[in-house]
Amino acid sequence: MLTLLLLIAALCLILLAIFFWWLFGGKKSPEALVLGRVAQNPVLGPVASSWWESQAVFNPAAIVDGGRVHLFYRALGADGISRIGYASSADGINFDRRLPYPVYAAESAGEAKAHRPFTSPARLTYDTVSYASGGGWGGCEDPRAVKIDGRVYLTFNMFNGWNCMRVAYTSIDKDNFSASQWLWERFAYLSRTGDRQKNWILFPEKINGKFALFHNLDKGDPARVHIAYLDALDASEAPAPEEAPDPQQLPDHHVAWHHRTRSASAPPIKTPRGWLLLYHASEPKEPHIGYKLGALLLDLDDPTKVLYRSHNPILEPKEWYENDWKPGVIYASGAVVFGDDLIVYYGGGDKYIAAAKTNLAEFLQKLISQENKVY
């Protein structure tokens, strides 16, 4: 009888051990939905000897063409004007071609001096105190790039002092782009006069024959984003301020991992599972961190509908190059699908360009999980 009881006790101990092994060790937890920084970071930085990019190189647009990744990045020199530089890579990480001159400037210094009432164009200096966000006082900031119907479109923020921010765009014929003939159209505004706006983004294809312009990430309902459909890229067709309020004026509210919703980051990427949209957000209780990165999956047929949202940030500013000049900033304005990978390009600390990547199919599968479902 005693032997039988001992056997039963031993069996119970074995079963209990198996249960705890399964609970704490044998049961594999789901992998985190994150981007992995590349070892080569930062992939681009300022050039001390350059008149136009000596201070900062950051916040790049990205497209894939001809088997290469092409970056159009924001650059700042000692004069404090933001211009667009260019670099390209055969593998998406090592940039073996970088032009020593800007490929686009919205205005010359003379043009800027003629009509900028809110800044000090007579003092073309890099004023890191008055204009600490990026350090510049004017020019074309934070570009995003898409290819639509044989043209490359570059949207950007036109900055003329804190009270004058508008969204503008230019474009170039794809053949001229492929030949590195930088024959851009004269820029035009997308947002209206007097309407303080930043970070409007074009979808990379027309939807029902119209340009799709992403303008607001969250106006109170986190299950919806906000898109304007335009026959032409013209400020007269742009949404009015009551339709597209300044995100900085919208109240904070809790959504997933954040309370302060900032803006969309890179243009949406079309996948078989939906439109993948990365976005910036932050927490007021972390004033030392300006931007973290999250992910949304939007419905293919109705891209205003959010299907899934990352439960946690997918990238946070922790490395030295994300905290060197302006601490706590990851500004991911470029993202591409290159081979099997999603590669995200971002400005770190308003000074450097860095990259992070992941396998796209695995990333989407992790995003499309029950915990990330938007009900």
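Counting restarts for each chain, with residues numbered from 1 along the sequence as it is written. The predicted origin of the model limits local features to residues at a pLDDT of at least 70 and limits the giving and counting of side-chain atom pairs to 80 or more, whereas totals for whole chains, interfaces and linings rest on all residues. Side-chain metrics rest on all non-hydrogen atoms present in the structure, leaving aside hydrogens and water.

Side-chain rings of Phe, Tyr and Trp, where Trp is taken by its six-membered ring, are said to pair if the distance between their centres is within 6.5 Å; with planes under 30 degrees apart they count as stacked, over 60 as edge-to-face, and otherwise as tilted. Scanning all chains against the criterion turns up 20 aromatic pairs. For the ring pair Trp182 and Trp184, a centre distance of 6.3 Å and an interplane angle of 10° mean the geometry is stacked. The pair Trp182 / Trp184 is uniform in exposure class, with both members buried. Their ring planes at 85° and their centres at 5.5 Å tell us that Trp320 and Tyr321 sit as a pair that is edge-to-face. Any residue under 20% of the maximum accessible area for its type is buried, any over 50% is exposed, and the rest in between are partly exposed; the area is computed with a 1.4 Å probe on protein chains only.

Let us now look at the pattern of salt bridges. By definition here, a salt bridge exists when the distance from a side-chain nitrogen of Lys or Arg to a carboxyl oxygen of Asp or Glu is within 4 Å. The final tally for this structure, using the stated rule, is 19 salt bridges. Across the salt bridge formed by Arg224 and Asp302, the nearest N and O atoms sit 2.9 Å from each other. Of this pair, Arg224 sits in the loop between strand 11 (211-216) and strand 12 (226-230) while Asp302 sits in the loop between strand 16 (292-298) and strand 17 (306-309), placing them 78 residues apart in sequence. On the basis of relative accessibility, which here comes to 29%, the residue Asp302 falls in the partly exposed class. Taken together, the shared-partner salt bridges in this structure form one network comprising Asp65, Lys147 and Lys174. Secondary structure elements are defined from DSSP: runs of H or I of at least 4 residues count as helices, runs of E of at least 2 residues count as strands, and each element is numbered from the N terminus.

Time to look at the confidence of the model for the protein chain. Every residue is assigned a pLDDT by the predictor, reflecting its confidence on a scale from 0 to 100. Taken residue by residue, the protein chain gives an average pLDDT of 87. The fraction at 70 or more is 82%. Segment residues 17-30 is flagged for pLDDT under 50; beyond a separation of four residues in sequence, or across chains, it makes four contacts in the model. Should any heavy atoms of two residues lie within 4.5 Å, those residues are counted as being in contact.

By the element assignment, Asn372 lies in the segment after helix 4 (360-367). Along the sequence, Asn372 and His311 sit 61 residues apart, while their C-alpha atoms lie 5.6 Å from each other. Excluding residues within four positions of it along the chain, Asn372 makes contact with Leu33, Leu307, Tyr308, Arg309, Ser310, His311, Lys366 and Leu367.

Topologically, Ser265 is positioned in the loop between strand 13 (260-264) and strand 14 (269-271). Accessibility expressed as a relative area gives 0% for Ser265, which makes it buried. Side-chain atoms alone can form a polar contact between residues adjacent in sequence; in general such a contact is a pair of N or O atoms within 3.5 Å, and within protein one must be able to donate a hydrogen while the other accepts it. A distance of 3.2 Å separates the side chain of Ser265 from the backbone oxygen of Ala332, its partner in a polar contact. Those residues in contact with Ser265, other than ones at most four positions away along the chain, are Arg144, Ile201, Leu278, Tyr279, His280, Leu293, Ala332 and Ser333.

Relative to the helices and strands, Asp91 resides in the loop between strand 4 (81-89) and strand 5 (97-98). The spatial distance from the C-alpha of Asp91 to the C-alpha of Arg68 is 7.0 Å, given a sequence separation of 23 residues. A polar contact of 2.8 Å, which involves the side chain of Asp91, links it to the backbone nitrogen of Ile93. One polar contact links Asp91 to Asn94, side chain to side chain, over a distance of 2.7 Å.

Let's shift gears to the nonpolar core. Take the buried residues of types Ala, Val, Leu, Ile, Met, Phe, Trp, Tyr and Cys, join any two whose side-chain atoms come within 4.5 Å, and each joined set is a nonpolar core. Core analysis: the biggest nonpolar cluster contains 28 residues, and Leu35, Leu276 and Leu342 have the highest contact counts within it. Listing elements by their share of this core, those giving two or more residues are strand 15 (274-282), strand 16, strand 17, strand 18 (330-338), strand 19 (341-348), strand 20 (352-359) and helix 4. Among the elements that make up this core, the one with the highest residue count is helix 4 (four residues). Look past the residues within four positions of Leu276 in its chain and what remains in contact with it is Pro268, Ile269, Thr271, Ala295, Leu296, Leu297, Leu342, Leu360, Phe363, Leu364 and Leu367. One finds Val103, Ala106, Cys140 and Phe156 within the second-largest nonpolar core, a separate group that totals 21 residues.

Turning our attention to helix 4. Regarding helix 4, the residues found buried are Leu360, Phe363, Leu364 and Leu367. Taken around the axis of helix 4, the buried residues stretch over an arc of 95°, which confines them to a single face. Looking at where helix 4 begins, the residue whose side-chain oxygen comes 3.1 Å from the main-chain nitrogen of Ala361 is Asn359. Each C-beta atom gives one direction from the helix axis, and the arc is the one those directions make.

With that settled, the discussion passes to the sheet that holds strand 10 (residues 201-202). Pairing between sheet strands relies on hydrogen bonds along the backbone, with the strands arranged either parallel or antiparallel. Note: two strands are recorded as paired if DSSP finds a minimum of 2 bridges between them. In space, the three strands of this open sheet follow the order 10-11-12, with antiparallel pairing throughout. Both edges of this open sheet fall to strand 10 and strand 12, since each of them pairs with a single strand only.

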